[in-house]
Amino acid sequence: MVATFFGLGLYVLKLSNAAAYLSDDPQACVNCHLMTPQYITWNHSSHRDVASCNDCHVPHNNIFNQYYFKAKDGLYHASIFTIRAEPQVIKARGPSIEVIQDNCVRCHSSQVTDAKMTSFVEDHHAARTDRTCWECHREVPHGRVKSLSSVGHQIEPIRAHAPPDLQIIPSWLKKSMQEENTKKAAQRK
């Protein structure tokens, strides 16, 4: 009985690609298809080059708190997904809101404390302390888009959902492009 339970546990860990969640790879967040809109909108944002999912959504005060929060949040997400109770629109919960706000301030502390901002941003002091950053900066980094139907196209394949031999340019188009290049090369000679 113990061996069966242990074996099933290992199988579930392998099937869910649980080891990927220990990394900082943003594509780990789309192992579950629910996070695809968030991944795609982040992937098209200015934050793509400077911040991964963990930079914004996981606390950075110490390594133990970081992995504890990832595990707690991950188990919540996995449970909701498993019982098929996921909401139509994903929103951050209380503890996540606090972590995201702390990370916004951590990365953008110079803008938050800049005295010059007071001169051209109405109620800057109150706005930076009494509300979350995304109350004003609503489209950072996920944009206005909150559902798969409105996200648009993702050119880069998402590894969790793509076969290993998937190519971005379809074979028929590659063949057509090669034929066209061959014709042009023959015409130049």
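Just so we're clear, the structure is a prediction, and the values are computed from it rather than from any experiment. (Residues numbered from 1 in each chain as written. Predicted model: local features only at pLDDT ≥ 70, side-chain atom pairs only at ≥ 80, totals over all residues. Heavy atoms only, no water.)

(A) Spatial organisation of helix α2 (residues 36-43). Across the eight residues of α2, eight count as buried, placing the element largely inside the fold. What α2 keeps buried is the set T36, P37, Q38, Y39, I40, T41, W42 and N43. (Buried < 20%, exposed > 50% of the residue type's maximum accessible area, 1.4 Å probe, protein only. Helix = DSSP H or I, 4+ residues; strand = E, 2+ residues; numbered from the N terminus.)

(B) Here's a closer look at the packing of aromatic side chains. One pass over the structure, following the stated rule, counts one aromatic pair. Ring geometry for Y39 and W42: centres 5.7 Å apart, planes at 45 degrees, overall tilted. Residue Y39 and its partner W42 are both found in helix α2; the two are separated by three residues, about one turn of the helix. Taking the relative accessible area as the measure of exposure, Y39 reaches 5% and is therefore buried. You can call W42 buried: its relative accessible area is 8%. Residue placement shows R93 over the ring face of Y76; its charged tip is 3.6 Å from the ring centre. (Phe/Tyr/Trp six-rings, centres within 6.5 Å; stacked < 30°, edge-to-face > 60°. Lys NZ or Arg CZ within 6 Å of the ring centre and 35° of its normal.)

(C) Representation of the pattern of salt bridges in the model. Following the criterion strictly, the structure yields two salt bridges and no others. Across the pair R93 and D73 runs a salt bridge whose closest N-O atoms are separated by 3.5 Å. A residue pair is termed long-range when its members are at least 10 positions apart, and R93 in the loop between α4 (63-82) and α5 (94-107) and D73 in helix α4 qualify at 20 residues. A residue is classified by how much of its surface remains accessible, and R93, at 33% relative accessible area, is partly exposed. Judged by relative accessible area, which is 15%, D73 ranks as buried. Residues R84 and E86 are paired through a salt bridge, measuring 3.6 Å at the closest nitrogen-oxygen approach. (Salt bridge = Lys/Arg side-chain N within 4 Å of Asp/Glu carboxyl O.)

(D) Molecular detail of the confidence of the model for the protein chain. Looking at the protein chain as a whole, the pLDDT averages 81, with 83% of positions reaching at least 70. Ranking the helices and strands of the protein chain by mean pLDDT puts helix α3 (residues 53-57) first, with 92, and helix α8 (residues 124-130) last, with 67. (pLDDT = per-residue confidence, 0-100.)

(E) Inspection of the packing of α4 against α5 at higher detail. It is at 11 Å that the axes of α4 and α5 come closest, and there the two elements cross at 140 degrees. In terms of orientation, α4 lies oblique with respect to α5. Relative to α5, α4 is oriented so that their crossing is left-handed. Of α5, the residues touching α4 (which contributes F69, K72 and D73) are P95, S96 and V99. Counted by class, the contact of α4 with α5 contains three nonpolar, one polar and two charged residues. (Axes fitted to C-alpha atoms, helices over the stretch in contact; angles between N-to-C directions. Parallel < 35°, antiparallel > 145°, perpendicular 65-115°, else oblique. Left-handed = near helix turned anticlockwise from the far one by under 90°. Contact = heavy atoms within 4.5 Å. Nonpolar A, V, L, I, M, F, W, Y, C, P; charged D, E, K, R; others polar.)

(F) Spotlight on α5. Helix length check: α5 (14 residues) gives 20 Å between terminal C-alpha atoms against 20 Å at 1.5 Å per residue, within 8%. Buried residues of α5: S96, V99, I100, Q101 and N103, and no others. On its buried face, α5 is in contact with α3 and α4. (Expected span 1.5 Å × (residues − 1).)

(G) Looking closely at the side chain of N43. Following the sequence through the fold, N43 ends up in helix α2. A polar atom in the side chain of N43 sits 2.9 Å from the side chain of R48. (Polar contact = N/O pair within 3.5 Å; in protein donor to acceptor, adjacent residues only side chain to side chain.)

(H) Focus on the environment of D55. Mapped onto the fold, D55 is located in helix α3. Note on D55: relative accessible area 25%, which makes it partly exposed. C-alpha separation for the pair D55 and C104, spaced 49 residues apart in sequence, amounts to 9.3 Å.

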